[in-house]
Amino acid sequence: MSKNLSKELGLIAAASIVTGCVIGSGVFVKPGKVLLATGSSSLALLAWVIGAVMAMTGGLTIAEISTRIPKTGGIYVYIEEIYGKTLGFLCGWVLTLVYGPALMSALALYFGSLFVSFFHLSSRAQIPVAILSTLFLSGLSIYKTSYASVLQSVSTVAKLIPIFVIAVAGIALGHEPVLGVATGGAAGAGMGAAVLATLWAYDGWIQVGTMAGEMKNPSRDLPRAIILGLLVVAVAYLMVNISIFRVLPASEVATLNDKAAVAVSEKLFGPFGATLIHLGILISIFGCLNGNTMTTTRVPFAMGERGDLPFSSWIGTAHPSFGTPANAIILQTTVALLMILSGNPDLITDIGISAVYVFYIFAFIGITKLRKDKVGETLTSYRVPLYPIIPIIAALGGAFIIYSTIVNQPYYALAALVLTLAGLPVHYSVEKRRNAQAER
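Residue numbers run consecutively from 1 along every chain, following the written order of its sequence. Per-residue local features of the predicted model are confined to residues with pLDDT of at least 70, and side-chain atom pairs are confined, for both listing and counting, to 80 or more; whole-chain, interface and lining totals are unaffected and use all residues. Side-chain metrics rest on all non-hydrogen atoms present in the structure, leaving aside hydrogens and water.

A. Broad picture of the overall build of the protein chain. Only DSSP runs of H or I reaching four residues or more are called helices, and only runs of E reaching two or more are called strands; each is numbered from the N terminus. When its secondary structure is counted, the protein chain shows 19 helices and 0 strands. For each residue, the accessible area found with a 1.4 Å probe, counting protein chains only, is set against the maximum for its type, and the residue is called buried under 20%, exposed over 50%, and partly exposed in between. With 440 residues in all, the protein chain has 60% of them scored as buried. In what follows, residue pairs with any heavy atoms lying within 4.5 Å of each other are defined as contacts. By sequence separation, contacts in the protein chain at least 24 residues apart represent 84% of the contacts at least 6 residues apart. Values of accessible area rely on a 1.4 Å probe in the Shrake-Rupley scheme; residue burial ignores everything except the protein chains shown. Summing over all exposed atoms, the protein chain offers an accessible surface of approximately 16600 Å²; the carbon and sulfur share of this is 69%.

B. Quick look at helix H7 (residues 126-143). With 18 residues, H7 ought to run about 26 Å at 1.5 Å a step, and its terminal C-alpha atoms sit 26 Å apart, in line with that. Those residues of H7 that sit buried are Gln126, Val129, Ala130, Ser133, Thr134, Leu137, Ser138, Leu140, Ser141 and Ile142. To estimate how far a helix should extend, the number of its residues minus one is multiplied by 1.5 Å.

C. Spotlight on the nonpolar core. Buried residues of nine kinds, namely Ala, Val, Leu, Ile, Met, Phe, Trp, Tyr and Cys, make up a nonpolar core once their side-chain atoms join them within 4.5 Å. Counting residues in each nonpolar core, the largest one holds 127 residues, and the members touching the most others are Ile75 and Tyr237. It is helix H6 (residues 85-118) that contributes the most residues to this core, 21 residues altogether.

D. Quick look at the side chain of His427. Within the element layout of this structure, His427 appears in helix H19 (residues 423-439). Among the polar contacts listed, one links the side chain of His427 to the side chain of Thr86, at a separation of 3.3 Å. In contact with His427, not counting residues within four places along its chain, are Lys85, Thr86 and Phe89. Distance and chemistry together define a polar contact, namely a pair of N or O atoms within 3.5 Å, with one atom able to donate a hydrogen and the other to accept it when in protein, and with adjacent residues in sequence counting only for side-chain atoms on both sides.

E. How the structure looks around the packing of helix H5 (residues 75-83) against H6. A fitted line through C-alpha atoms represents every axis, and for helices the fit uses only the stretch in contact; the resulting angles, taken between N-to-C directions, go from 0 to 180 degrees. The geometry of H5 relative to H6 is characterised by a closest axis approach of 7 Å and an angle of 170° between their N-to-C directions. Taken together, the axes of H5 and H6 lie roughly antiparallel to each other. Of the two possible hands of crossing, H5 and H6 adopt the one that is right-handed. From H5, Ile75, Tyr76, Ile79, Glu80 and Tyr83 reach across to H6, where they touch Lys85, Leu87, Gly88, Cys91, Gly92 and Leu95. These descriptions rest on fixed angle ranges, namely under 35 degrees for roughly parallel, over 145 for roughly antiparallel, 65 to 115 for roughly perpendicular, and the rest for oblique. Two helices cross in a left-handed way if the nearer one is turned anticlockwise from the farther one by less than a right angle. They cross in a right-handed way if the turn is clockwise.

F. Structural detail: the packing of aromatic side chains. Classification of ring pairs rests on two measures: the distance between centres of Phe, Tyr or Trp rings, Trp counted by its six-membered ring, which must be within 6.5 Å, and the angle between planes, read as stacked under 30 degrees, edge-to-face over 60 and tilted in between. Tallying each qualifying case throughout the model produces 12 aromatic pairs. Between Phe118 and Phe119 the ring centres are 4.8 Å apart and the planes differ by 85°, which places this aromatic pair in the edge-to-face class. Between the aromatic rings of Tyr202 and Tyr237, the centroid separation amounts to 5.0 Å while the plane-to-plane angle is 40°, which identifies the pairing as tilted. In this pair, Tyr202 is assigned in helix H9 (residues 191-202) and Tyr237 in helix H10 (residues 218-247), connecting sequence segments 35 residues apart. Grouping residues by exposure puts Tyr202 and Tyr237 together as buried. Following the ring pairs from residue to residue traces out a cluster consisting of Phe111, Phe115, Phe118, Phe119, Phe136 and Phe286. Counting as a charge over the ring demands two things of the Lys NZ or Arg CZ atom: a distance within 6 Å of the ring centre and an angle within 35 degrees of the ring normal. The positively charged end of Arg371 is found above the aromatic ring belonging to Tyr387, 3.8 Å away from the centroid.

G. Structural detail: the pattern of salt bridges. Think of a salt bridge as a Lys or Arg side-chain nitrogen and an Asp or Glu carboxyl oxygen that are within 4 Å of each other. Taken as a whole and assessed by the stated rule, the structure comprises 12 salt bridges. Of the charged contacts in the structure, one is a salt bridge between Arg68 and Glu64, with a shortest N-O distance of 2.9 Å. Of this pair, Arg68 and Glu64 both sit in helix H4 (residues 41-68), separated by 4 residues, roughly a single helical turn. Like Glu64, Arg68 is buried. Each of Glu80, Glu81, Lys85, Arg306, Asp308, Glu431 and Arg434 takes part in one network of salt bridges that share partners.

H. A look at a nonpolar patch on the surface. Each patch is built from residues that are more than 30% exposed by relative accessible area and take part in no salt bridge. Like charges join if they lie within 9 Å; nonpolar side chains (Val, Leu, Ile, Met, Phe, Trp, Tyr) join within 5 Å. Taken together, Leu43, Leu46, Val49, Val53, Leu386, Ile389 and Ile393 make up a surface patch of nonpolar side chains, about 570 Å² in accessible area. Going through the elements one at a time, H4 and helix H17 (389-408) are the ones with two or more residues in the nonpolar patch. Looking at the nonpolar patch, the element that brings in the most residues is H4, giving 4 residues. With respect to the element layout, Leu43 can be found in helix H4. Exposure remark for Leu43: the relative accessible area of 37% places this residue in the partly exposed category.

Written out as structure tokens, the structure reads:
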């Protein structure tokens, strides 16, 4: 347990982190990409349903693991506790230098894109806006966790407004057919790529586990926060996608891609209403960036506490005045800023999701070992429903994503593999130094 971190988070804050980390840019920027991949509105909606099922089964499984191992670091700690240091390190390596910064940088780039569009700025301002927003939120997380969590709660409520308005108004006022409509062109990368895109939109539910060490009662509140947050998200996403298809022809959704939600708002409410919805979407993405800045940076901190990284004594030290993982935030923010310079959020997100899902699968399977060894048996009263069916579905869904990525996007899969295995020499070097120090 992280003794130097302040414990300020309750159920409401944790549920806000789940919802806030999940609902960000994905529901607004991915419908077009999902539709392009499948070539059909029916298949696109099916992809969103599959993504919801995968997220829910994964969330139900991780909820039990998180109550059995309620420590700061989330899935990195779970993997290390279940499988040992080598696999745990690789998981933490990916989360610290690939997945976590990928989330931050992609969200910042999506925010920058919509920000320059909202204020009619030059497209060249996208990257500077992304950098400034990342620096601001990282600074807030360094200064005080409670301030960042208040921003998270406020932005979570604010982001539900445009989702609710678009969903209800579009379904009620739209006239386009929802099912069985083709884009007019050939299907793209297929269902696997479509589901991968939805998983970016659903991703983030696992992040609250990284902050277990800062929660007042993680054994009670973690599973409740994960399950409640995912239910809200799944319903909201399906309603938004149905609304988009009710208002715009499928071919237009495919053409507009990440601007489809804004176009729906303008068609429904006119220029002024669209401006308000556009602003709400900006707040949504900003809040999601804040949530992921708060959570993903706890992984390098946990690795530093355990001495698993070079310069661990610096990375794993909490700020003496603020009680926050300031140095870990600085490390991950630096990597995210470098990724922002690529200017390609879709590439970043696809590689990040591909890299992390291998470890998700290991975690889903690991619940069996935890139960067998009775790890944390006295800490939790929560059990995965329909065990072992739910964890098996979660693991099979993850395997499907890995397989689809290898088949449809082999270069992304190769990049994810190379970035993951690059951590092995670092791990062996750290262990060699640790052993040498122990022998002295």
